[in-house]
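Commentary on secondary and tertiary structure
So the chains spell out like this:
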Amino acid sequence: MATISLRDEAAGLLQDLIRLDTVNPPGNESLVAEHLRRYLEASGVACELYARVPERANLVARIPGSGDGPKLLLLSHTDTVLADPGDWQVDPWSGELRDDQVWGRGALDMKGQVAASAVAIASLAREGFEPPGDLIFAACADEEVGAGFGLQWLVEAHPDAVFAEYCINEGGGDRLVLGSRAFWVCSTAEKMSAPFRLTVHGRSGHASRPKIADNALVRAAPLVERLGEFEDEPEAGPEVEAFLRAVCGRVPPPAEVITAARAVHPMAGDIIDPLLGTTLSPTMISASEKRNVIPNRCEITVDCRILPGHTQPEVEAKLAELLGGGEYDLEWIEAQGGTRSPVDSPLWDVVKSFVDELEPEAATVPLLLSGFTDSHWMREAFGTVAYGFLPMRMMESELAARLIHSADERIELEDLELGVRFLRHAAAAMSSLR
Ligand SMILES: [Zn+2]
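Residues numbered from 1 in each chain as written. Predicted model: local features only at pLDDT ≥ 70, side-chain atom pairs only at ≥ 80, totals over all residues. Heavy atoms only, no water.

Notes on the overall build of the protein chain
Cut-off, in case you're wondering: Helical segments are the DSSP runs of H or I of at least four residues, strand segments are the runs of E of at least two, and each set is numbered from the N terminus. Atoms considered for the radius of gyration are the C-alpha atoms alone. The globule rule reads 2.2 Å times the number of residues to the power 0.38. Here the term buried applies to any residue with accessible area under 20% of the maximum for its type, exposed to any over 50%, and partly exposed to those in between, with areas from a 1.4 Å probe on protein chains only. Contacts between residues were defined by any pair of non-hydrogen atoms, one from each residue, lying within 4.5 Å.
Of regular secondary structure, the protein chain possesses 14 helices and 20 strands. Computed over C-alpha atoms, the radius of gyration of the protein chain comes to 24 Å, within 12% of the 22 Å expected from 2.2 N^0.38 for 434 residues, which places it in the range of a compact globule. Principal-axis analysis of the C-alpha atoms gives the protein chain an extent of 80 × 50 × 45 Å. Looking at the protein chain as a whole, 53% of its 434 residues are labelled buried. Across the protein chain, every contact between residues at least 6 apart in sequence was considered, and the portion connecting residues at least 24 apart equals 78%.

Section: unusual backbone geometry
If a residue is not glycine, its phi is most likely negative; likewise, a peptide bond is most likely trans. Between Pro25 and the following residue, Pro26, the backbone shows a cis peptide bond with an omega angle of 10 degrees. Positionally, Pro26 belongs in the loop between α1 (6-19) and α2 (30-41). Note that the residue after Asp109, namely Met110, is joined by a cis bond; omega there is -10 degrees. As for its placement among the helices and strands, Met110 is situated in the loop between β5 (101-103) and α3 (111-126). With a phi angle near 50 degrees, Asp99 is a residue other than glycine that sits in the positive phi range.

A short note on the coordination of the zinc ion
Heads up, the rule is: Because water is not among the atoms used, a metal site may look incomplete, as its donors are only the N, O and S atoms within 2.8 Å, or 3.2 Å for Na, K and Ca. A four-donor site is called tetrahedral if each angle lies between 85 and 135 degrees; a four-donor site is square planar, and a six-donor site octahedral, when trans pairs exceed 155 degrees and the remaining angles lie between 65 and 115; all other cases are labelled irregular.
Distances from the zinc ion to its protein donors, His77 (NE2), Asp109 (OD), Glu170 (OE) and Glu170 (OE), fall at 1.9 to 2.6 Å. Coordination at the zinc ion is irregular, judged from the four donor atoms that bind it and the angles of 53 to 149 degrees they form at the metal.

Notes on the packing of α2 against α3
Keep this limit in mind: A fitted line through C-alpha atoms serves as each axis, taken over the contacting stretch for helices, and the angle formed by two N-to-C directions is quoted from 0 to 180°. Roughly parallel means an angle under 35 degrees; roughly antiparallel, over 145; roughly perpendicular, 65 to 115; everything else is oblique. Each helix crossing is assigned a hand: it is left-handed if the near helix lies turned anticlockwise from the far helix by less than a right angle, otherwise right-handed if that turn is clockwise. All residues other than Ala, Val, Leu, Ile, Met, Phe, Trp, Tyr, Cys, Pro, Asp, Glu, Lys and Arg, Gly among them, are scored as polar; the first ten of these are nonpolar and the last four charged.
The contact between α2 and α3 brings their axes to 10 Å, and the two run at 25 degrees. Overall, the two elements α2 and α3 adopt an arrangement that is roughly parallel. Our pair here, α2 against α3, has a crossing hand that is right-handed. Taking contact as the criterion, the partners of Val32, Leu36, Tyr39 and Leu40 in α2 are, on α3, Lys111, Val114, Ala118, Val119, Ile121, Ala122 and Arg126. In the contact of α2 with α3, the residues fall into nine nonpolar, no polar and two charged.

Notes on the nonpolar core
To keep things clear, this is the line we draw: Throughout this description, the term nonpolar core refers to a set of buried Ala, Val, Leu, Ile, Met, Phe, Trp, Tyr and Cys residues connected via side-chain atoms within 4.5 Å.
Of all hydrophobic cores here, the largest spans 67 residues; its most connected members are Leu36, Leu40, Leu59, Leu72, Leu135, Phe137 and Leu347. Element by element, the count of residues in this core is highest for helix α14 (residues 413-431), at ten residues. When neighbours within four sequence positions are excluded, Leu40 is seen to be in contact with Val45, Cys47, Leu59, Ala61, Ala118, Ile121, Ala122 and Phe137. Leu178, Ala189, Ala236 and Val247 belong to the second largest nonpolar core, which has 26 residues in total.

Notes on the pairing of strand β19 (residues 385-388)
What counts here: When DSSP finds two or more bridges between a pair of strands, those strands are recorded as paired.
Of the two faces of β19, the one carrying Val385 and Tyr387 and the one carrying Ala386 and Gly388 are both buried. Looking at chain direction, strand β7 (residues 166-169) and β19 are connected through four bridges and run parallel. Across the sheet, residue Cys167 finds its bridge partner in β19, namely Ala386.

Some remarks on the pairing of strand β6 (residues 135-140)
For β6, the tally of buried residues reaches six of six residues, placing the bulk of the element in the interior. As paired elements, strand β2 (residues 57-63) and β6 share five bridges and run antiparallel to each other. Paired with Ala61 across the bridge in β6 is Phe137.

What to know about the packing of aromatic side chains
Any aromatic ring pair is given by two values, namely how distant the centres are and how the planes are angled relative to each other. Note the following rule: Two aromatic rings, drawn from Phe, Tyr or Trp (for Trp, its six-membered ring), form a pair once their centres lie within 6.5 Å of each other, and the interplanar angle then sorts them: stacked below 30 degrees, edge-to-face above 60, tilted otherwise. By definition, being over a ring means that NZ of Lys or CZ of Arg is both within 6 Å of the ring centre and within 35 degrees of the ring normal.
Applying the stated criterion to the full structure yields five aromatic pairs. Note on Phe354 and Phe422: the rings are 5.3 Å apart at their centroids and 70 degrees apart in plane angle, and the pair reads as edge-to-face. Separated by 68 residues along the polypeptide, Phe354 in helix α11 (residues 346-358) and Phe422 in helix α14 bring together distant segments of the chain. For Phe422, a relative accessible area of 0% gives the class buried. On the basis of an interplanar angle of 65 degrees and a centroid distance of 4.9 Å, the ring pair of Phe389 and Phe422 is categorised as edge-to-face. A residue pair is termed long-range when its members are at least 10 positions apart, and Phe389 in the loop between β19 and α13 (397-403) and Phe422 in helix α14 qualify at 33 residues. By way of ring pairs, the aromatic residues Phe354, Phe389 and Phe422 are connected into one cluster. Residue placement shows Arg52 over the ring face of Phe149; its charged tip is 4.5 Å from the ring centre.

Notes on the environment of Val32
Secondary-structure assignment places Val32 in helix α2. Taking C-alpha positions, Val32 is 9.5 Å from Arg19, a pair spaced 13 residues apart along the chain. For Val32, the contacting residues outside a window of four places in its chain are Leu17, Leu20, Thr22, Thr78 and Lys111.

Things to note about the side chain of Asp109
Counted only if it meets this: All tallies of charge rest on Lys and Arg as positive and Asp and Glu as negative; His and the ends of each chain are not included. The salt bridge criterion pairs a side-chain nitrogen of Lys or Arg with a carboxyl oxygen of Asp or Glu, the two atoms within 4 Å.
Looking at the secondary structure, you find Asp109 in the loop between β5 and α3. Notably, Asp109 is buried but unbridged: the nearest opposite-charge side chain belongs to Arg105, and the N-O separation is 7.6 Å. What Asp109 contacts, discounting residues up to four positions off in sequence, is His77, Asp79, Thr80, Glu144, Glu170, Ile404, His405 and Glu409.

Topic: the pattern of salt bridges
Any two side chains of opposite charge can pair, on the condition that their charged atoms come close. Counting across every chain of the model gives 21 salt bridges. With a closest N to O distance of 3.3 Å, Arg197 and Glu331 form a salt bridge. Taken together, the residues Arg197 in strand β11 (residues 196-201) and Glu331 in strand β16 (residues 329-332) connect sequence positions 134 residues apart. Judged by its relative accessible area of 23%, Arg197 is partly exposed. Of the charged contacts, one joins Arg297 and Glu299 as a salt bridge, the two residues approaching to 2.9 Å between their closest N and O atoms. Look at Arg297 and you get partly exposed, because its relative accessible area is 39%. For Glu299, a relative accessible area of 25% corresponds to the partly exposed category.

Spelled out as structure tokens, the structure:
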């Protein structure tokens, strides 16, 4: 053990984790939790498994703090989305090592960060690391589906196990070159996912005599069109403002933000675009079950993402205006996320100090995510300062974004090692905080 490099240790562990199939549903995350427990206990890290049902365990490992310093949680999830082997160059559960990359489902999302976090805490334990506050590693089930077996359940059923003032999770660490400068992105906030269903009513009838019926699908068509055209009043929140200040050197008025960002780099505009307001994407529609029956109802499902600090009733008012108060019923399907942590925090300094050492001429910038992660459970339950950051230097962020939830997912060994280095740095830097 003593002679193996941290890079090889992380690579070997990641290969093991990929070979344990934790596609959710059904999950079977206990396979990974048990494996991690064996790995961590061999380095003297105390582990506890918490499971709502036996096959879906969450692992929590801990180096106890020697005093009452702030607790740092390295958060991750162990489930993955499915994979269709026919689309892949390798078996998605092979964990194959090829061209200095580990291939397989979950390599990026997020067994790579699971492995990097486990190796960071195991290696620190072997070195006798004694932080003033607990260093915690949680490998949680059920992030991809969110059916209540993972962190959502843990913060309610076992809050003491995962309580922490600070948390490092997935969702950031991209290195972007915009204009003449490199930027490392750390996600500090997330939009709320609040999909809804619109039901439009009509009157059924035989399709051969359209005039005597009232076709709900035809009535729905203009609503779909207006939903697709929706543009919210632009508004730059604190994360977008900080991003603009770093990238553009100033914060332009909301209406000019996109133009100013594009002037630096088109990608900067694309990044900011969905972050200036609520977005609506109609994605599903259903009407008649039969070709020859005119439908009396039509359901439109809309993916809706709301800025943190805004609410569903506000969106309802905007919809009433957009759709002309038309005849429809609106039903919210669910609401998740929509939380932020302050950009200005000791954890920010920890992330920035790593980037400053790694690439002094680059800047660290905060970002609001258009999607969401498990971070919101920590923010909602404990007011935790939770950021998404795992640095990735070798693989371009555009490629990584394409591979996540897709075929040929893989991670560069060098990025995996960089992740271990960052997490060890974060633990050490956090422990020097007073
Ligand atoms: Zn993920």
